[in-house]
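One-letter residues, chain by chain:
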Amino acid sequence: MKKRLTLTDILVTVIIAVVFGIVYRLWGPVNDSLKLFPLQVNELMYGMWFIAATVAFLIIRKPGVALIAETAAASGEFIVGSQYGLEVLIYGVMQGLGAELVFALFMYKSYSIFTTSLAGAASAGGSFVMDWNRGYMADLVGWNVTLVIILRTISGILVAGVFAYYLVQALEKTGVTDLLRPSSKKDFDTLDS
């Protein structure tokens, strides 16, 4: 398999990102409604904002896809009227970079649930960098910062990692991805490992 991105790879990545950009836009009010609950419960759903990177990488499986997908999804969210404004673009870059670094660490050859979950956690790390620079984290007391970090990281692992993994596995079984990357027995065995 060629490791360079083709025009088809980029277009499919952007289409995936546009779909998730709309999901991200719709997710904002859901997240806000969860802020009504105590103890940062909304952080358990925060991983939804990282999912474009992991899903796109698991489908395309090439360097740069996670970063492109998350950045494009954030751009799509902004275009459809993000309630968070222009800074979603910077969040998208940082979150996509977190996932991309994990996939690079495994030399873009691991598509396991472990690697995907680690990428989800690393995306959470990118969001923490942004939150800290924006002052959101510095305004919280120590125990609350710890709670946010733990819950958001768990969400990154479960939503952008585990859920994304099984979502792509289900897509693989339907044959939807055959046009992009024909599935072989080795692919299915990789998903099962």
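Residues numbered from 1 in each chain as written. Predicted model: local features only at pLDDT ≥ 70, side-chain atom pairs only at ≥ 80, totals over all residues. Heavy atoms only, no water.

Would you take a moment to explain the packing of aromatic side chains for this structure?
Note on aromatic pairs: each is described by the distance of the centres and the angle between the planes. Evaluation of the coordinates by the stated rule reveals eight aromatic pairs. Between the aromatic rings of Y46 and F50, the centroid separation amounts to 5.7 Å while the plane-to-plane angle is 55 degrees, which identifies the pairing as tilted. The same class applies to Y46 as to F50, namely buried. Judged by centre distance (5.9 Å) and plane angle (35 degrees), the ring pair of F57 and Y111 falls under tilted. Here Y111 lies in the loop between α4 (87–105) and α5 (113–134) and F57 lies in helix α2 (residues 51–60), a separation of 54 residues in the sequence. Residue classification places F57 among the buried residues on the basis of a relative accessible area of 0%. These aromatic residues form a ring-pair network of at least three members: F57, F103, Y108 and Y111. The ring centre of Y111 lies 4.0 Å from the NZ or CZ of R61, which sits over that ring. Directly above the aromatic system of Y46 lies the positively charged group of R152, at a separation of 3.8 Å from the ring centroid. (Phe/Tyr/Trp six-rings, centres within 6.5 Å; stacked < 30°, edge-to-face > 60°. Buried < 20%, exposed > 50% of the residue type's maximum accessible area, 1.4 Å probe, protein only. Helix = DSSP H or I, 4+ residues; strand = E, 2+ residues; numbered from the N terminus. Lys NZ or Arg CZ within 6 Å of the ring centre and 35° of its normal.)

What is the right way to read the pattern of salt bridges from this model?
Opposite charge on two side chains allows them to pair when their charged atoms are near. Going through the model one piece at a time under the given rule, you end up with five salt bridges. R152 is the partner of E43 in a salt bridge, and the nearest nitrogen-oxygen pair spans 2.7 Å. In this pair, E43 is assigned in the loop between α1 (7–34) and α2 and R152 in helix α6 (residues 142–174), connecting sequence segments 109 residues apart. Residue E43 is classed as buried on the basis of its relative accessible area of 5%. What makes R152 buried here is its relative accessible area of 2%. Note that D131 and R152 form a salt bridge whose closest N and O atoms lie 2.7 Å from each other. Placement of D131 in helix α5 and of R152 in helix α6 is noted, with a sequence separation of 21 residues between them. Shared partners join several salt bridges into a network, and the residues in it are E43, D131 and R152. (Salt bridge = Lys/Arg side-chain N within 4 Å of Asp/Glu carboxyl O.)

How should α4 be read in this particular structure?
Working note: α-helix, 3.6 residues per turn, so residues spaced by three or four point in the same direction. Between the first and last C-alpha of α4 there are 27 Å, a value that for 19 residues agrees with the 27 Å anticipated at 1.5 Å per step. Looking at the buried positions of α4, the neighbouring elements they touch are α2, α3 (65–79) and α5. Count one or two residues on from α4 and you reach M107, which has phi positive near 55 degrees. (Expected span 1.5 Å × (residues − 1). Contact = heavy atoms within 4.5 Å.)

Would you mind showing me how to read the environment of R61 here?
Within the secondary structure, R61 sits in the loop between α2 and α3. Between the alpha carbons of R61 and K173 there is a distance of 17 Å; along the sequence they are 112 residues apart. Here L58 takes part through its backbone oxygen, which lies 3.1 Å from a polar atom of the side chain of R61. (Polar contact = N/O pair within 3.5 Å; in protein donor to acceptor, adjacent residues only side chain to side chain.)

I'm lost on the packing of α1 against α3 in this one. Help?
Geometrically, a packed helix pair is captured by the angle between its two axes and the distance between the axes. Running from N to C, α1 and α3 cross one another at 45 degrees; their axes reach a closest spacing of 7 Å. The orientation of α1 relative to α3 falls into the category oblique. Relative to α3, α1 is oriented so that their crossing is right-handed. Between α1 and α3, the contacting residues are T13, A17, F20, G21, Y24 and R25 on the first element and V65, I68, A69, E70, A72, A73, G76 and E77 on the second. Partitioned by chemical class, the residues of the contact of α1 with α3 number eight nonpolar, three polar and three charged. (Axes fitted to C-alpha atoms, helices over the stretch in contact; angles between N-to-C directions. Parallel < 35°, antiparallel > 145°, perpendicular 65-115°, else oblique. Left-handed = near helix turned anticlockwise from the far one by under 90°. Nonpolar A, V, L, I, M, F, W, Y, C, P; charged D, E, K, R; others polar.)

So what exactly am I meant to see when it comes to the nonpolar core here?
Nonpolar side chains in soluble globular proteins tend to end up buried together. In this structure, I16, F20, Y24, I51, V55 and F103 are the most contacted members of the largest nonpolar core, which totals 42 residues. Those elements giving two or more residues to this core turn out to be α1, α2, α3, α4, α5 and α6. No other element matches α2, which puts nine residues into this core. With residues up to four places along the chain from it excluded, the contact list for Y24 reads M48, W49, F50, I51, A52, E70, A73 and E77. (Core = buried A, V, L, I, M, F, W, Y, C linked by side-chain atoms within 4.5 Å.)

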